[in-house]
Structure formats: structure tokens, C-alpha cells
Amino acid sequence: MDLKLKVWRQKDSASKGKFEIYNAPNINPHMSFLEMLDVINEDLIHANQDPIAFDHDCREGICGACSLTVDGKPHGPEKGTTACQLHMRHFKHGNTITVEPWRAKAFPVIKDLIVDRSAFDRIIESGGYVSVNTGSAPEANMSPVPKHAADSAMDSAACIGCGACVAACPNASGMLFVAAKVSQLALLPQGQVEREKRVLSMVRTMDDENFGNCTNHYECEAACPKEISVGFIAKMNREYLRASLCDSGSAGNTKDAVN
Amino acid sequence: MTLDARVPAGLLHEKWDNHKFNMKLVSPANKRKYKVIVVGTGLAGASAAASLAELGYQVDSFCFQDSPRRAHSIAAQGGINAAKNYPNDGDSIRRLFYDTIKGGDFRAREENVYRLAQISNSIIDQCVAQGVPFAREYSGYLANRSFGGSQVSRTFYARGQTGQQLLLGAYQALARAIHLKQVTMYPRTEMLDLVVVDGAAKGIIVRDLITGQIRRHAADAVVLATGGYGNAFYLSTNAKGCNVTATYRAYKRGAFFANPCYTQIHPTCIPVSGDYQSKLTLMSESLRNDGRIWVPKQKGDKRPPQEIPEAERDYYLERKYPSYGNLAPRDISSRSAKEVCDEGRGVGETGLGVYLDFADAIKRLGESVIRERYSNLIQMYEKITGENPYKVPMRIYPAVHYTMGGLWVDYNLMSNLPGLYVLGEANFSDHGANRLGASALMQGLADGYFILPYTIGDYLARTKPGVISASHPEFLKIETEVKDQINRLLSINGKRTVDDFHRQIGKLLWDYCGMARNELGLKQALAQIPGIRKEFWSNVKVSGSNESLNQSLEKAGRVADFIDFAELLCLDALQRAESCGGHFRTESQTSEGEAKRDDTKFCYVSAWEYQGADCSPRLNQEPLSFENVHLAERSYK
């Protein structure tokens, strides 16, 4: 099939970007979206033009590197699918496809379709872990975890940190990402000791990193390639309230809470 | 030269304990004076960086991805082995040790493997304490499943995303250390060379992938945890960024490269569908627990699978290996798939595929059980192929997946260059000629959490901290060489793209040095590689400049190294005129077509020593001796 692409091109973070139109003739429906971009890039290189820069790595939907907004939807039209697993059979001959980077204040564009998502790393750094040093763990079966808790923790832990939730949200909120980690660790016995400090610290960092608030649009869940439920945001809100009322995690202590 | 692996004396099961006692320690107050560079943030790198930081060392951590959380360990699906024996089915440290040695076709170092089995249990403890959401039974205790190459159930798993969950555990430990300012993290930064001063590793040269800036980083020791070289074959299950550059350039600086010909072709991947294909996708081997593998008995049978009656199907693994059946080890399963396809009994459009069929398991257990066990894998398959495996059997074919070879290391995981440590898939040490499923995660975490933190102290305790700075003349010299290579790549402005060369060298390796190898083919490959190299350096087209984010330039450096490395791979495959594990020489097989080892001639590790661009590398050997297992023909019948 023959397609037209309207692609966001931006030289670097300081430059202004704009859309460019490219022809994509003879596209095989079995190709993935990124393989289609590979083919276009080969043509651009032969034509002495700068290839389109985009983040990608595993190309099997688990590393979370790819981050394309396709026709206004993060990762494109298919439910529960990363852009690298989106195949061209979902498009039709003659389509014009618009490809943009994630759009969010917290994710500045680095080049073309590549954005800086290090804000997510800083949120995890502020508390998204259990502070256990290597070597100090007890025997693994010492603390049984009810199967439903383990399963629910796994549901939230499936987050790949791609940032589609932020790109999809009209407020560019990072709450689904933060809620996924907060919930995973709050559901498990290992996460209890730091439970209050963790949620207060991670939410504070999220706010400091210029993410917006949640106003219940549920766009994040719709865009999430791992289909993580907005129910976890509700859980995080409860965790936050609970922690705010607890002595150990009173707001004044949050800054150094996790040290 | 005969290599000394510095294995401690004593009984096998006491060696590691004794060694831990005998090694020198760095006192708590002195640890902060030492700086350690860790390159790579997969399971091995992230666990090492976090653990070293917790001990009090200053750590600089590097990865080429935008975040350390995206290293390719994340894609491991099936699980991680440990000798916990929770199912009470006869497992033990000794059995895990034996299975791993046998699985590796008796080409691994006994003492390393035994230590790995000993440490395996602590890894599970550590990961559970971090909040890794392993699968659990209704009792709340940890669940186990079986995996290829073993008759006990010792594999711990988190749905089909075990690698992801273990990596996030290690990443979060690393994030904590970054927060506490014990680790300085450099994402989007690629190591381009190793700096060796007076014979010892003292730092690295890196390129900032956003600005193009070339930087020098000095340290008291350098740890490479940069993964394997499967992408030399272009099509593999590795992530697109995986490359051999860090280990190959360390090899060019004097580190020995061991057993490069030991490559693992994984039996259960989605078949190739076209020329544009950029990578292959693995379907976890755990699917073989419930899926049955078959092809039609009749050559060229083009009927849809549902229409082929039971009597006209050949469940060839169950037929040939009745005691392991569909759980035969990877190398054996892959070769069997190739055999039936070579006979013209392959399925799918290309004829390069076999069926993996869940119909019986669905009949026995119900679709919901199969869904619970494998839903994410089955979804992944559906997305890629547009077919529904609950209704029609999956089509699978072998693909390059893992590389057992890597930089040579001694018992302490130190290469022959003092101060250069190599962990995880990047080293050669534990899997011999074939790795068993669910053992890569175990090895990466054993190296990073529980081995390196002890052994590196022994080296640092004998080293004065901070003696060599990044302004040492050797750093400046190597920085210049790195810049020169980049300028050279950018100035060629030829006619062929980097990917085009990558596909060419990859196809050559797959054709002549893939699942089956022979002298004639390897010699042909070796004759062709210099021509490809020459054309690359005169006709490659790399667009853009160094001073910006330039993915074409990043790839060009990696492919240049793949081309050079391909020669080493073929050379090693040629000299090892025996079959063992993943290395199958057609000249060396039993009457039944199984791999035939030659223990009198090849019971050694080959460790290649670089001799300069225009010279053949020198082959050094580390003899392997087996005192605790009997060298036997590896049978899974």
C-alpha cells in the first residue's frame, strides 16, 4: 500500500520544530510501524537528508523506549500495543499518518520524535523502591504473599515507563506511572516499612517535575500499552491521604523521608 | 600461553567460602576513596553498580539507553532458576550444578558453575525482599515451573515478564543509590574505548549521544556488563541497540575474547516474514511446557494444520527424545527444527517454521489456564502475526538469541587485564557451549549482587586509589583515536547505508556460521569478510555530524565492530573442529546426527588475543578439567 507521512521534525531542543511530508510507497502490511520508518530513513539517507530520529530498542513491546504519537494517539490506534508492535495491516492504502513525539511539559523534545523522559527516573529515585541492601534479605518463603495481592502487584508492576499515559492526558499528568509503582510496593509486605514516606516523596517529586494533575479523563488507561488500570490512581490517592494522616510520614519530613 | 583461572584450592563445595575468607578487604573508611566504572545497566550492571555503591565505593554507571531501566535484560520472559527445591522434587545445589554443566556440553568451568548454583538461592531472597512480584501459589508461597534441560521444577517467574521484574528490582536499587549520590548515572552515553595504563584498566572513553561530546572517565577499576553479540547476525532476538563494541574494543586493548563461536539459537521465535524485518521476536521457551511441537509427516503438505489428522503429524521432539520431549535443551530443539525444515516438512509461507500447538493442553486444562500462564506471550504473537494461537497452532522457527562466548574472566570475574571485570552475558564463564533456559538471569544477578562485590575488593585492596587521572597522556591518545574513527566514518560519504552492511554481514554469519557449520563454509566466510570490511570503509554512507544526536553514526561504529568481530567468530568456529552445544560442526556428529564432542582435542576454553589489525589473533587455551562430573555424551533421550 502507499501512504503519506506527516512527521514532526525538530533539530534539537532549542530549535523550533515543524511537520514535513514524506511519501511511503509500497508498504508491506506485515511490517511494524518502526520497520516502515526504517525503510523511509534508508531512503532519506540515500537522498542526503537527515533520517528521522526516534527512540526504540527491544521492538517487542517491553523496554518502553518507543514513544510515537500516531494520528494523535500515543502508540497509535491499537489497544494495548506499543508503537513497535503496531503493524501496518491496521492502516489503509492512501492514508496520511501524522507522527509526533510525546507532547508534555515534563518531556522536552530532544530531536524529532525523541523526548527526554528522565523525570520518570527522578520520580523512582525519590522513593520507588524497597531500601534493602544486597545481602540482608531473609529466606524468600518467610513472608507468604496472598495470591490476589501478588497478582495485583504484578498488574501494576507491568508498567514499562514509556510515558504514553502522560502524552495522552490533557493535563500531562504522570499519575498512572507513579500510581503503578506506589501500588505495587504498597500491596506487598516488603513495601510496608517505607509505605507512607514513599508515596509522599514520589508525589512531591512528580509535582516538582511539572506533571499535571489527574482530572479523571481516563485517557491514560486507554493509551497504556500494558492496560494498567486507573484504579491504581484511586489506590494512590488513598495511600497519599493515609500517609498524610500518619505520624511517620507527616508532610514536613517528606523531603528527606527516604534517605 | 596457558591461562590461569586462579581457582581456589579445596573441595568444590568449600571453594567459594574459603575464597571469600582469604580475599583482602577494603576497610569501610577507605572504600569511598575508590572509584569504579560500571558500563551497562542490565541485570549484571545494575545489580553490580547498586551493590558496590551500598558498600561505599564511588560508582559511575553508564548506559546507551535513555534510562537504565531499558537495558535488554528487560525482555527476558520465562524465568530464573534457583536450587530452592520448594516443590520437593529432588533438586539441590549439586543437581543445578550438574544440569548446567551438562546443558553446557561440558565446556564450562566446574568451579564457576558450582558457585553459581550455590548463590542461586540468595538471588531469589534478594529479589523477593526488593518487592519483585513473583508468581505465587494460593498458599502465598512462591510458585515454580519446569523449563528446558531439567527434570525438576526450579524456575521462578513473574508471568512472562520475569526479566522485566528482576531488572526493575535492580534498577530501583540503582535509583536509590543515585538518589543517595552514591552512583553518578550517565544515560544516553556510549562507551567507545577502554583505557589501559601500565597494563591495568583505568578508564573509558565515551560519547554523549545527545551532544556528541567525547569524554574521558578515569577510575580504579572498570566493570563491563555490556551484554552479548547476537546482533552480529543482524536478525536476532536482541534489542536493536545491543552491540559488541564495548567488549570488542576491550579485546583490541588486550582483553582476551573467549569462545566466540558459542552462540545460542533459540528454538521458539516467530519466523521471518520479509526483507524489511528488523528483528526477531522470541516466544518464551516456557511455552514448551504446554505446547507440543510438530510438523506434517508428509513433505510439502500444504493443508492447514487443523486438517492434518493426528496420524499424519510428526511430534519429532517427543519421538526422538522421549524422556525430555518438548523440553529438550535449546540447541537440540533448534537443530531438530532445522532438520525437519531442510527435509521440506517446514510450515508457513516460507517453509521455515514448525508448529507449536496448544490444542491438547487447552483440552486438558481449559483455555483459561493457558491464558493465565501465557496470555502476554500469546497476545504478543497475535499482534505480530495476526493469528490466534488458541485456535491455530503457533508457527515458530529458531533465531539467534544469546551468546555464551564473551571476554575471558578468571574465577574472580576479572579479565586478563588487571582491573577489568566482566559480568553477565558479556563474559564467557558459566554456560559452556549452551545455556539452559532461565539461567541467564541467574548468572547476571549472581555476578552483580554476590560475586563482584567480594572479588573487586580483593583487587582494590592491592591498588592505590586515584593514581591515574583522565588527563593522563594515554587517555588523551585514545580519545584522539576515537575522534579520528568518528571523523573517518563521517567523511566516507559512500553509497551504501550502515544497515545495508549490517544485513550483509549478518546473512553471511547466519549462512556459514549459524545452526550448522563446516570447514568449507567457514573458510568461505573468512574469505569474504575482508572484502566487506574494505567496502564498508570506502563506501558506507553515514549522514549528519558528530555534534548532535546521530543514530546513523552510532550504528556505524557498532557495525564496523560487528564486521571485525565476525571474523573472530568464524575463526573460532573453524579451529574448534568438534561439535559441542550450540556449536555444531557437520563433520563431527554421531550416527544419529547428534553433536559429537572431542574431549581429547578440544576440552579447553579458546581465548583469543588481539595482535593488531593486519595480523591473525593468537589462540590461548585454558584447559578444562572435570573432577566432580563424569564427561559423558550428552543424552536427553
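The model shown is predicted, which means the values in this text are computed figures rather than measured ones.

**Some details on the packing of helix H5 (residues 110-130) of chain B against helix H12 (residues 440-460) of chain B**
Residue and element names in this part refer to chain B.
Point 1. At their nearest, the axes of H5 and H12 sit 9 Å apart, and the two run at 80° to each other. On the basis of the axis angle, H5 is roughly perpendicular to H12. Residues Arg115, Leu116, Ile119, Ser120, Ser122, Ile123, Gln126, Cys127 and Gln130 of H5 pack against Met442, Gln443, Leu445, Ala446, Tyr449, Phe450 and Ile451 of H12.

**Examining the domain arrangement of chain A**
Residues and elements named next belong to chain A.
Point 1. Domain annotation of chain A identifies domain 1 (3-111) and domain 2 (117-256).
Point 2. Using C-alpha coordinates to define each centre, domain 1 is positioned 30 Å away from domain 2.
Point 3. Contact residues are listed per partner, giving 20 residues for domain 1 and 20 residues for domain 2.
Point 4. Around 1,500 Å² of area is buried between domain 1 and domain 2 when both sides are counted, 62% of it from carbon and sulfur atoms.
Point 5. When residues of domain 1 are sorted by the area they lose upon contact with domain 2, Pro74, Ala106 and Phe107 head the list and together hold 34% of the total.
Point 6. Seen at the junction of domain 1 and domain 2, the total is two salt bridges.
Point 7. Between Lys79 and Glu227 there is a salt bridge; the shortest N-O distance is 3.3 Å.
Point 8. Here domain 1 and domain 2 share five residue pairs in polar contact (both at pLDDT 80 or more) between them.
Point 9. Of the residues contributing to the side of domain 1 that touches domain 2, the split by class is nine nonpolar, seven polar and four charged.

**So, the sheet that holds strand S5 (residues 96-100) of chain A**
All names here are of chain A.
Point 1. Here five strands make up an open sheet; going across it, the order is S2-S1-S5-S3-S4 and the pairing mixed. The open sheet has two edge strands with one neighbour each: strand S2 (18-24) and strand S4 (73-74).
Point 2. Both strand S3 (residues 69-70) and S5 contribute to a ladder of two bridges, which runs antiparallel. If you follow Thr69 over to S5, its bridge partner there is Glu100.
Point 3. Across the sheet, helix H1 (residues 33-46) is in contact with strand S1 (3-9), S2, S3 and S5; its angle to S1 comes to roughly 80°.

Definitions and limits used
Residues numbered from 1 in each chain as written. Chains lettered and ligands numbered in written order. Predicted model: local features only at pLDDT ≥ 70, side-chain atom pairs only at ≥ 80, totals over all residues. Heavy atoms only, no water. Axes fitted to C-alpha atoms, helices over the stretch in contact; angles between N-to-C directions. Helix = DSSP H or I, 4+ residues; strand = E, 2+ residues; numbered from the N terminus. Parallel < 35°, antiparallel > 145°, perpendicular 65-115°, else oblique. Contact = heavy atoms within 4.5 Å. Domains from an automatic or database assignment. Buried area = accessible area lost by both parts, 1.4 Å probe. Salt bridge = Lys/Arg side-chain N within 4 Å of Asp/Glu carboxyl O. Polar contact = N/O pair within 3.5 Å; in protein donor to acceptor, adjacent residues only side chain to side chain. Nonpolar A, V, L, I, M, F, W, Y, C, P; charged D, E, K, R; others polar. Pairing = 2+ DSSP bridges.

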